[in-house]
Amino acid sequence: MIVDLRIAVRTHACLLLLPLLVATGCKQSTPLRPAPLLLQGAVDIEVNRLLDSIQVTHTDTIGAWIFAHGSIDGYPVIVSRTLMGAAHAAAATALAIDRYHPRAILNIGTAGGYDTALHYGDIVIGQSAVSLAAFKSPPLPAHGGSHPLEWTAMDLVPRPGEVNNLLHEGTATQFSADSGLLAAAHRAQAYTTGRKVVDGVIGTSDFWNQELDRIAFFRQHWHVSVEEMETVPAAQVASIFKIPFLGIRVVSDNVPNGELAFDPRTADAVQDFAMRVVHEYLGRL
Ligand code: 5AD
């Protein structure tokens, strides 16, 4: 009964407004704006070149997060500085999706190489991303030490059809890249000269790992190419809302190669590559 009443009121209001809408030609004067592309980087060095490229019209600040609005090739783009780490990246992604309804999300930044074939400035297109953050240890008594290589991975993401949030042991949380974004990245790769660009697996946790045995463990189990701190939580939130997602990382350090010092200048390269990917993606829309 209440529903019927609401429909009746709405219908009546529409009928009353109809002559006004026709008279003002209101429909023609408000063309639909396409859903924006969302470009994410954690810190200033990972977004400054993107900001320079999008002709920022205005910036929204929500809590600790900034969202700069502009365009590329006439298409609306939002550059989001997510801040570092999983919680920040997840929150920034949820806010952006709820507020701006992006068409697709590109998450970029620096990362530590696990693969010895990767060096400073090389770029990894995240064909998939795996969580290196959720594990269950076997029980050990006091003074039994801690043995991370014996921990079992856990997946905390509900499976399709799962009513409650169950804890899945023995598998890690993994996300595949969107095929359209991946194809755009491959077209951009074909244009890139003088720099190595490869497909790979991005591993995420709030952890800066410099233990070679742990690195070997992650390579053996999940073929991880690089580690960083934002891709999986951003991909996880994007997947809930079914928004196409791709992570792209530049190698800023590489422990197995002895390249221990973080090189912040590498962040320029991943932004330049991301811009090429965006042009390629927009070119086929
Ligand atoms: N391990 C973890 N995160 C790294 N980052 C760069 N190199 C590494 C690494 N070896 C990135 C993270 C985070 C910041 C610390 O730099 O994604 O944003």
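Predicted model only: the values in this text are computed from it and were never measured.

Turning our attention to the side chain of Asp155. Within the secondary structure, Asp155 sits in strand S8 (residues 152–155). Within the local environment of Asp155, its side chain forms a polar contact with the side chain of Thr173, the two groups lying 2.7 Å apart. In this structure, Asp155 is in contact with Leu166, Leu167, His168, Thr171, Ala172 and Thr173, ignoring residues within four places of it in sequence.

Right, let's talk about the packing of aromatic side chains for a bit. All chains considered together, the criterion is met by nine aromatic pairs. Here Tyr114 and Phe218 contribute two aromatic rings whose centre-to-centre distance is 6.3 Å and whose plane-to-plane angle is 5°, an arrangement assigned as stacked. One end of the pair, Tyr114, is in the loop between strand S5 (104–113) and strand S6 (123–131); the other, Phe218, is in helix H6 (residues 212–222), with 104 residues separating them in the sequence. The exposure class of Phe218 is buried, given its relative accessible area of 1%.

Looking now at the sheet that holds strand S7 (residues 135–136). With respect to topology, three strands assemble into an open sheet ordered S7-S8-S9, the strand pairing being antiparallel. Because the sheet does not close on itself, it has two edges, and the strands there are S7 and strand S9 (168–169). Strand direction decides the pairing type here: S7 and S8, joined by two bridges, are antiparallel. Within the sheet, the bridge partner assigned to Lys136 lies in S8 and is Thr152.

Calculation criteria
- Residues numbered from 1 in each chain as written.
- Predicted model: local features only at pLDDT ≥ 70, side-chain atom pairs only at ≥ 80, totals over all residues.
- Heavy atoms only, no water.
- Helix = DSSP H or I, 4+ residues; strand = E, 2+ residues; numbered from the N terminus.
- Polar contact = N/O pair within 3.5 Å; in protein donor to acceptor, adjacent residues only side chain to side chain.
- Contact = heavy atoms within 4.5 Å.
- Phe/Tyr/Trp six-rings, centres within 6.5 Å; stacked < 30°, edge-to-face > 60°.
- Buried < 20%, exposed > 50% of the residue type's maximum accessible area, 1.4 Å probe, protein only.
- Pairing = 2+ DSSP bridges.

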